[in-house]
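A look at the structure
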Amino acid sequence: MDCSTSPCSIADYHDRARAVLSPSVYEYLALGAGHSHVVAENTRAFSRLLLQWRCLRGVKNVDMTTSVLGHTICSPICVSPTAMHKVACTDGEKAMARACSRAGTLMTLSSWSTFSMEDVQAAGGIDSLRWLQMYMSPDRSFVQQFVRRAEHSGFKALVVTVDAPRAAVRYANMRNRFTLPTHLTLAHYTAASGNHLKEFGSSSFHNALAHINRTLRWTDILWLKTITHLPIVVKGVMSGDDAKEALRHGVDAIWVSNHGGRQLDGTPATIDVLAEVVQAVDGRVEVYVDGGVRSGTDVLKALALGAHAVFVGR
């Protein structure tokens, strides 16, 4: 590859994006909660880990194929749920679905998608593997409707985000007065509730959180299990104690995540707590991780510390 004309690394793509996106959209995508310390720490933590290789092992034939919840994928690198792709790309989540299908890997669709789950499934192909991320609304009829749509559309698991009970304080978005362009909507919430959720900021951002349950407890996970046959993955576990709670409440997989540093500044890096969670789980369910992954060696480090798969996205 000619790196003078084509990006060769995630950092190269980052620089390209910064050059073409508006400052407010770039900072919405690139920065995080508070002063974005955790965004930087997620990446720094990987750089502190060193690889100790073994030599003369014969690596002519390398097979990166693995599986997640019983479904085969071409590599352990999967795609995290990220909101509002159309702020950066006209085809938005549809383009991501097509790319993941070509790569033979898993895409997790955000419930804050700018295309509906049905449209994304159609774009990516029903035979490709996709999970659906969700927030647990206090309106259980809304949750039931959302889950039924996911099942009918062919999603293979539900990813419940458990680390965002309130709106994050994001200084960059507040300074920029970041807003979702008026021609875009959050497809799932528009169809279900009539709430277009067009504006994001220090106060109107709360409109987007209307369906997030601030009283969410582990018993809500038990209830969710009663209304669906889909596996349930909890995303946002950052300690061994919470991992054990997740196991006690019957989850099918655990996802170590600090929301990419976008929810609470001052938390540990995900790679720094991964081993603790893996030890607590002790092989009983699969453990995934995201946050700060910027290279193949970062993926290798996460796998070496016990992750079953590694998720990327911004």
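Below or above, wherever it landed, is the structure these notes cover. (Residues numbered from 1 in each chain as written. Predicted model: local features only at pLDDT ≥ 70, side-chain atom pairs only at ≥ 80, totals over all residues. Heavy atoms only, no water.)

Our focus in this paragraph is the overall build of the protein. When helices and strands are tallied, the protein shows 13 helices and 10 strands. With respect to the principal axes defined by its C-alpha atoms, the protein has extents near 60 × 50 × 40 Å. Buried residues in the protein amount to 49% of all 314 residues. Pairs at least 24 residues apart make up 69% of the contacts formed inside the protein by residues separated by at least 6 positions. In the protein, which carries 32 positive and 27 negative side-chain charges, the distance between the mean positions of the two groups comes to 2 Å. (Helix = DSSP H or I, 4+ residues; strand = E, 2+ residues; numbered from the N terminus. Buried < 20%, exposed > 50% of the residue type's maximum accessible area, 1.4 Å probe, protein only. Contact = heavy atoms within 4.5 Å. Lys, Arg positive; Asp, Glu negative; His and termini not counted. Charge placed at Lys NZ, Arg CZ, Asp CG, Glu CD.)

This next bit is on a nonpolar patch on the surface. A cluster of nonpolar side chains, Val59, Val62 and Met64, forms an exposed patch at the surface whose accessible area comes to about 340 Å². Given a relative accessible area of 65%, Val59 falls into the exposed group. (Patch = residues over 30% accessible without salt bridge, like charges linked within 9 Å, V, L, I, M, F, W, Y side chains within 5 Å. Areas by Shrake-Rupley, 256 points an atom, 1.4 Å probe, with all protein chains shown as cover. Salt bridge = Lys/Arg side-chain N within 4 Å of Asp/Glu carboxyl O.)

Examined against the element boundaries, Cys78 turns out to sit in strand β3 (residues 77–79). Residue Cys78 is classed as buried on the basis of its relative accessible area, which comes to 0%. When the C-alpha atoms of Cys78 and Asp290 are compared, they prove to be 9.4 Å apart, with 212 residues separating the residues in sequence.

We now examine the environment of Val87. The topology assignment puts Val87 in the loop between β3 and α4 (92–103). Note: C-alpha distance between Val87 and Thr114 (27 residues apart in sequence) is 8.8 Å. The contacts of Val87, once residues within four sequence positions are left out, are Leu21, Val25, Leu29, Leu180, Pro181 and Leu184.

Here we come to the pattern of salt bridges. One pass over the structure, following the stated rule, counts 8 salt bridges. The closest approach of N and O atoms between Arg48 and Glu41, which form a salt bridge, is 2.6 Å. Here Asp91 and Arg98 are joined by a salt bridge, their closest N and O atoms 2.9 Å apart. Exposure remark for Asp91: the relative accessible area of 37% places this residue in the partly exposed category. The class of Arg98 is partly exposed, set by a relative accessible area of 29%. Through salt bridges with shared partners, one network takes in Glu41, Arg44, Arg48 and Asp272.

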